[in-house]
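Listed below are the residues making up each chain.
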Amino acid sequence: MMSALKEEKRGSFGSKIGVVLASAGSAIGLGNIWRFPYMTGQNGGAAFILVYLGCVFLLGLPVMLSEFTIGRRAHSNTMRAYLKLAPGTKWYLLGGMGVLAGFLILGYYSVVCGWTLEYLFQSAAGNMGGKEPEVFSAMFATFTASPLRPLIWMVVFLLLTHFIVVRGIKKGIEKSSMIMMPMLFLIMFVLIGRTLTLSGAHEGLTYLFNPDFSKINSSVVLSALGQAFFSLSLGMGCLCTYASYFPDNTDMVKTGVQVTVLDTAVAILAGVIIFPAVFTYGINPSSGPELVFVTLPNVFQNMVGGYIWAILFYILLALAALTSTISMHEVVTAFLQEEKKISRVKAARVVTIGCIIIGTFCSLSFGLLGHVKVFGLDLFNLTDYVASKVMLPLGGMFISIFTGWFLDKNTLWEELSNHSTLRFHLFKVYVFIIRYVAPIVIGCIFLKEIGII
Ligand code: TRP
């Protein structure tokens with residue numbers, strides 16, 4: 001009774017499909033459509049994708065189930081979850097690191113979200129047609145380096161996120177995901193149909209699916225691991241926070257598999273959309289973060305009805321990004337609301353303002369603050385590095401250790417099988433992975449990258 005009352009107050013998702021679409025909405029975002037293709041391009045194509053798939057299914061899915069378990073068991077924000085499940089220990093620091101990572105990632109992620117709005121605006125204004133490929137490159141560079149415009153779009157995007165988050169779990173997060181996710185799937189298929197008929201399709205697909213194993217090295221592996229965690233929204237308690245709103249009858253194993261498969265499919269399909277275009281228009285596949293902002297305009301201007309498709313694509317890219325930003329925002333908002341005992345609106349306001357400040361620095365690093373380098377990285381790339389290559393893998397490693405070694409097996413079983421009412425045949429495999437495989441593999445990859453082994 002007490003816990004039912006409390007849950008009522010915290011809010012929860014209302015339907016199975018809502019749970020899946022909200023979690024998939026968190027996972028599917030710029031990480032799939034913007035970051036995955038350029039990471040693939042920078043890390044040698046198909047070989048990277050293979051390593052990525054290994055990371056997703058061997059490490060990502062088990063860590064996701066662990067986050068689900070922690071979240072639903074504790075029914076609270078990601079830091080309080082550890083205080084509840086491991087009272088009197090230092091495990092709460094893991095939750096604290098997640099909240100901090102969420103803040104940082106949302107800060108730099110919003111910058112790119114802002115870019116999608118600019119591209120939407122430019123497409124609608126009819127400025128994206130009849131240009132040479134180099135012109136799009138130059139446009140992108142000029143826009144991102146300008147001091148004010150990207151900042152305004154970033155603030156607009158954070159405000160959109162803000163207004164969904166303050167509406168709460170069911171009316172804000174769940175409802176928006178139920179509308180936005182199906183639209184995203186639909187438009188992706190239409191775009192695939194177009195790019196597969198481009199002249200560079202064969203070359204693009206070969207690059208994507210024909211691995212050259214000599215390209216695999218430790219940095220490729222770390223990038224794949226970081227990308228897997230980033231794309232699945234793991235390592236900072238994001239899905240843990242969402243799971244705290246799951247109803248008791250949610251089949252978490254099934255949900256985890258569905259979210260992982262959807263997320264991976266969308267990433268690969270984004271590659272199938274982008275690489276044929278890259279090779280058709282002679283763009284360098286390793287050009288980095290600008291990849292989708294420079295290649296896709298080329299695709300659109302050559303498509304019949306490209307004007308409309310471009311607009312639709314950028315609307316949908318923005319929507320995919322929005323379902324992800326609300327999930328990061330929610331992590332920090334839920335934390336502040338519950339720990340500082342302030343209203344949801346106030347908590348959300350603090351998060352939004354904080355992210356605007358971080359985002360401003362990241363955005364300016366493409367122009368005015370471009371000369372500011374820390375460890376050779378500008379502020380945008382530094383934030384990306386610290387959050388997604390340091391904090392997410394470390395977070396994932398400690399989440400595995402926590403669920404594998406600290407929580408007892410019965411608790412794990414109870415949550416993942418809904419008190420033995422569901423089957424989970426691979427439970428033993430799961431436990432083996434989170435006890436041994438995940439901590440050791442993540443630990444080694446991480447130590448290797450920072451140069452200790
Ligand atoms: N997964 C999202 C994407 O692919 C981004 C994201 C949302 C995220 N929540 C997260 C990344 C938590 C890391 C951690 O775009």
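Keep in mind that this is a model prediction, so the values were computed, not measured.

**Student:** Which residues make up the packing of helix α6 (residues 92-124) against helix α17 (residues 379-406), and what are the values?
**Tutor:** Between α6 and α17, the least distance of the axes is 9 Å, while the angle of their chain directions is 145°. The interaxial crossing formed by α6 with α17 has left-handed handedness. For the pair α6 and α17, contact is made by Leu94, Met97, Leu100, Ala101, Leu104, Ile105, Tyr108, Val111 and Val112 and by Phe380, Thr383, Asp384, Ala387, Ser388, Met391, Leu392, Leu394, Gly395, Phe398 and Ile399, respectively. Here the residues of the contact of α6 with α17 sort into 16 nonpolar, 3 polar and 1 charged.

**Student:** Explain the nonpolar core residue by residue, including any values.
**Tutor:** Phe13, Trp34, Phe229, Leu296 and Tyr430 are the most contacted members of the largest nonpolar core, which totals 155 residues. Top element by residues in this core is helix α15 (residues 306-339). It accounts for 18 residues. Leave out the neighbours within four places in its chain, and tyrosine 430 touches Pro62, Leu65, Ser66, Thr403, Leu412, Leu416 and Phe424.

**Student:** Please set out the packing of aromatic side chains residue by residue, giving values where relevant.
**Tutor:** Here a ring pair, both rings aromatic, is described through the centre-centre distance and the interplanar angle of the planes. Under the counting rule described, the total for this entry stands at 34 aromatic pairs. Relative to phenylalanine 406, the ring of phenylalanine 402 has its centre 5.5 Å away and its plane inclined at 10°; by these criteria the two rings are stacked. Taken together, the positions of phenylalanine 402 and phenylalanine 406, both in helix α17 and 4 residues apart, correspond to about one turn of that helix. The buried category is assigned to phenylalanine 402, whose relative accessible area is 0%. Between phenylalanine 427 and tyrosine 430 the ring centres are 6.2 Å apart and the planes differ by 35°, which places this aromatic pair in the tilted class. Here phenylalanine 427 pairs with tyrosine 430, and both are found in helix α19 (residues 427-449), just 3 residues apart, close to one helical turn.

**Student:** Break down the site of the ligand for me, citing the residues and quoting the values.
**Tutor:** Surveying the vicinity of the ligand reveals 17 residues, the closest of which are Ala27, Gly31, Tyr109, Phe230 and Ser233. In this structure, asparagine 32 approaches the ligand through a side-chain N or O atom, which is 3.3 Å from an oxygen atom. Take tyrosine 109: an N or O atom from its side chain is 2.5 Å from an oxygen atom of the ligand. With the chains in place, 100% of the 360 Å² that the ligand exposes on its own is no longer accessible. Among the elements of the structure, α2 (16-27), α3 (30-42), α6, α11 (218-231) and α15 are those that each provide at least two residues to the shell around the ligand.

**Student:** Can you break down helix α7 (residues 133-145) residue by residue, with the values?
**Tutor:** Compared with an ideal rise of 1.5 Å per residue, which puts 13 residues at 18 Å, α7 spans 19 Å between its outermost C-alpha atoms and is within 8% of the ideal. For α7, the elements touching its buried residues are α6, α8 (149-166), α14 (291-301) and α16 (344-364).

**Student:** Can you lay out unusual backbone geometry for me, pointing to particular residues and giving the numbers?
**Tutor:** Even without being a glycine, lysine 341 presents a positive backbone phi close to 50°. The exposed category is assigned to lysine 341, whose relative accessible area is 69%. One non-glycine residue, phenylalanine 375, lies in the positive phi region at around 50°. As for its position among the elements, phenylalanine 375 is in the loop between α16 and α17.

**Student:** How would you explain a nonpolar patch on the surface if you had to name every residue and give the values?
**Tutor:** A surface patch of nonpolar side chains, about 350 Å² in accessible area, is lined by Ile17, Met178, Ile179 and Met183. In terms of residues, the nonpolar patch owes the most to one element, helix α9 (residues 169-195), which gives 3 residues.

**Student:** I'd like to hear about the confidence of the model for the chain, residue by residue, with values.
**Tutor:** The share of residues in the chain with pLDDT of 70 or more is 98%, and the mean pLDDT across the chain is 91. Note on residues 1-8: pLDDT under 50 across the span, and 2 contacts to partners over four residues away in sequence or across chains.

**Student:** I'd like to hear about the pattern of salt bridges, residue by residue, with values.
**Tutor:** Two side chains carrying opposite charge are able to pair once their charged atoms lie near each other. Summed over the entire model, instances satisfying the criterion amount to 9 salt bridges. One salt bridge connects arginine 10 with glutamate 338, and the closest N-O pair in it is separated by 2.9 Å. With arginine 10 in helix α1 (residues 2-10) and glutamate 338 in helix α15, this pair connects stretches of sequence that are 328 residues apart. Here arginine 10 falls in the buried class, since its relative accessible area comes to 18%. Of the charged contacts in the structure, one is a salt bridge between glutamate 414 and arginine 73, with a shortest N-O distance of 3.0 Å. Taken as a pair, glutamate 414 in helix α18 (residues 409-416) and arginine 73 in helix α4 (residues 46-74) lie far apart in primary sequence, 341 residues in all.

Calculation notes
- Residues numbered from 1 in each chain as written.
- Predicted model: local features only at pLDDT ≥ 70, side-chain atom pairs only at ≥ 80, totals over all residues.
- Heavy atoms only, no water.
- Axes fitted to C-alpha atoms, helices over the stretch in contact; angles between N-to-C directions.
- Helix = DSSP H or I, 4+ residues; strand = E, 2+ residues; numbered from the N terminus.
- Left-handed = near helix turned anticlockwise from the far one by under 90°.
- Contact = heavy atoms within 4.5 Å.
- Nonpolar A, V, L, I, M, F, W, Y, C, P; charged D, E, K, R; others polar.
- Core = buried A, V, L, I, M, F, W, Y, C linked by side-chain atoms within 4.5 Å.
- Buried < 20%, exposed > 50% of the residue type's maximum accessible area, 1.4 Å probe, protein only.
- Phe/Tyr/Trp six-rings, centres within 6.5 Å; stacked < 30°, edge-to-face > 60°.
- Near = heavy atom within 4 Å.
- Polar contact = N/O pair within 3.5 Å; in protein donor to acceptor, adjacent residues only side chain to side chain.
- Areas by Shrake-Rupley, 256 points an atom, 1.4 Å probe, with all protein chains shown as cover.
- Expected span 1.5 Å × (residues − 1).
- Patch = residues over 30% accessible without salt bridge, like charges linked within 9 Å, V, L, I, M, F, W, Y side chains within 5 Å.
- Salt bridge = Lys/Arg side-chain N within 4 Å of Asp/Glu carboxyl O.
- pLDDT = per-residue confidence, 0-100.

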